[in-house]
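Inside the fold
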Amino acid sequence: MKSSDIRKAFLDYFASKGHEVVPSSPLIPGNDPTLLFTNAGMVQFKDCFLGKDQRSYTRATSSQRCVRAGGKHNDLENVGYTARHHTFFEMLGNFSFGDYFKEDAIKFAWEFLTSPQWLNLPTEKLMVTVYAEDDEAYDIWNKQVGVPADKIVRIGDNKGARYASDNFWAMGDTGPCGPCTEIFYDHGEHIWGGPPGSPEEDGDRFIEIWNNVFMQFERKENGDMIPLPKPSVDTGMGLERISAIMQGVHSNYEIDLFQALLKAAGELTGCKDSENKSLRVIADHIRSTSFLIVDGVLPSNEGRGYVLRRIIRRAIRHGHMLGAPLGFFHKLVPALAEQMGDAYPELVTLTAHVQKVLRLEEEQFAKTLDKGMGILNEAIAGLKGDTIPGETAFKLYDTYGFPFDLTADVARERDLKVDEDGFNAAMDKQREMARAAGNFAGNYGKGLEIDGSTEFLGYTQLENTGAVKALFKD
Ligand code: ATP
Ligand code: MG
Ligand code: MG
Ligand code: MG
């Protein structure tokens, strides 16, 4: 089954259950300055859950483009290292705004996955988790759906764990949240990893495919949990992960959506190995960066623009490592447009614009990349111990335009660490000096803070055709 067929089947299934098919919203959340990027299907419906927005429907379904490269959900560092994480992916979702709750949500998910009429997955390969105290969800799975007890795991909220499952889902530090139940697929003994809740769960054998969240609370800034006006449902299934299963492959990078991209990246970088980590990073990053640019983000030194810049520079560095000629990255855009243009026509219309933005960033970074890599290699060669000093990371950032995570990425490849506290201290010191000199220091420090005023311009530009034209004028 092609990814596009799976996307369609999902929407068709939920339409047949009375859900309104709603298009994907942009990656920049329309009216939510608390969120860096749209990181889940529920984002555009946030106010429906909170009871602040009334729609003509109480059930919806969508295939939402998502970016997880900053903020609460940040998978940037996982890309290239796991079979299942991207910075950009599509989330298939069904939503109930005070309409159905746990029972229907669970039954819908199970029917779609296992019914011969729909995906027809073998039930013995599926496992589920429920929130530790959620006996109701447990009983629905066990008694009504018939999932055996040894395939149901109770999981609490594992605060602080890096990947470890956490069955209390939240969009961000504030906003709608609630307990969830997740469905996992066993890719087989030959792959390292253990079932959810086990010490080996971070492996890629049991892969989480679908999260069903029972939205019940709104978390306020002071941490208070306020019950929502009506219990609701929010679900998300990664299109790339379910495609891997339906296409009989293990890694998301082996699915149809990635084939042409990996091929094009292979040709441009001269790397013939489609399993090469850097090649995968590049194929992933061309998706997130292109879609962010389509949605109005431009590389900059702060907020959303800085996240975009970080991803682009990371991709360029990986190309450099493969020996790619400078300026290879923007040449991947046509392959992406070819692959995803049917689902996202804006990608085709804006191909030239996306290429131009990427090319300019490539040209700018090219001036300092080689030199910066030289400095970093020297520092590593002279290293006593396993930690690159914060001062070095800061110099690379400040003089050579290396985002901190790029230095961290290099360090990780060589089994080293970077002194992040030292980096931040150097940053603070510089800011202090700038302030003392009466300059405006900006907020480029963390690079992740959202600057509402600049960033929302991008969104407005998208909404406003006149401005879009001005922006895209060559
Ligand atoms: P994981 O534990 O594997 O990191 P998650 O629990 O963070 O996933 P959710 O927030 O529950 O993911 O999102 C719902 C679904 O979206 C997941 O079950 C998965 O199928 C998909 N998904 C989440 N993050 C990614 C990602 N970075 N790349 C691709 N798909 C993803
Ligand atoms: Mg995650
Ligand atoms: Mg998870
Ligand atoms: Mg999850």
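Looking at an unreviewed UniProt entry, one finds the chain named Alanine--tRNA ligase and attributed to Venatoribacter cucullus. According to its UniProt record, the chain has this under Subcellular location (unreviewed entry): "Cytoplasm". Check the Function (unreviewed entry) section of the UniProt entry for the chain; it says "Catalyzes the attachment of alanine to tRNA(Ala) in a two-step reaction: alanine is first activated by ATP to form Ala-AMP and then transferred to the acceptor end of tRNA(Ala). Also edits incorrectly charged Ser-tRNA(Ala) and Gly-tRNA(Ala) via its editing domain."

Within the chain, the regular secondary structure consists of 16 helices and eleven strands. In terms of overall dimensions, the chain has C-alpha extents of about 65 × 50 × 40 Å along its principal axes. In the chain, once contacts between residues fewer than 6 apart in sequence are set aside, the share between residues at least 24 apart is 71%. Accessible surface, the chain as shown: approximately 19,800 Å² in total, 49% of it carbon and sulfur. Averaging the locations of the 52 positively and 69 negatively charged side chains of the chain gives two centres separated by 4 Å.

This paragraph deals with the coordination of the magnesium ion (ligand 4). Distances from the magnesium ion (ligand 4) to its protein donors, namely E182 (OE) and E208 (OE), fall within the range 1.9 to 2.1 Å. The magnesium ion (ligand 3) is placed at 3.2 Å from the magnesium ion (ligand 4), the two being bridged by E208. Of this pair, E182 sits in strand β7 (residues 175-186) while E208 sits in strand β8 (residues 206-219); the two residues are 26 residues apart in sequence, bridging distant segments of the chain. The exposure class of E208 is partly exposed, given its relative accessible area of 24%.

Turning to the environment of T387, a few remarks are in order. Secondary-structure assignment places T387 in strand β10 (residues 387-388). The spatial distance from the C-alpha of T387 to the C-alpha of L416 is 5.8 Å, given a sequence separation of 29 residues. For T387, the contacting residues outside a window of four places in its chain are K417, V418 and D419.

What counts, and at which threshold
Residues numbered from 1 in each chain as written. Chains lettered and ligands numbered in written order. Predicted model: local features only at pLDDT ≥ 70, side-chain atom pairs only at ≥ 80, totals over all residues. Heavy atoms only, no water. UniProt positions renumbered as here; feature names shortened; annotations may be inferred. Helix = DSSP H or I, 4+ residues; strand = E, 2+ residues; numbered from the N terminus. Contact = heavy atoms within 4.5 Å. Areas by Shrake-Rupley, 256 points an atom, 1.4 Å probe, with all protein chains shown as cover. Lys, Arg positive; Asp, Glu negative; His and termini not counted. Charge placed at Lys NZ, Arg CZ, Asp CG, Glu CD. Donors = N, O, S within 2.8 Å, 3.2 Å for Na, K, Ca; no water. Buried < 20%, exposed > 50% of the residue type's maximum accessible area, 1.4 Å probe, protein only.

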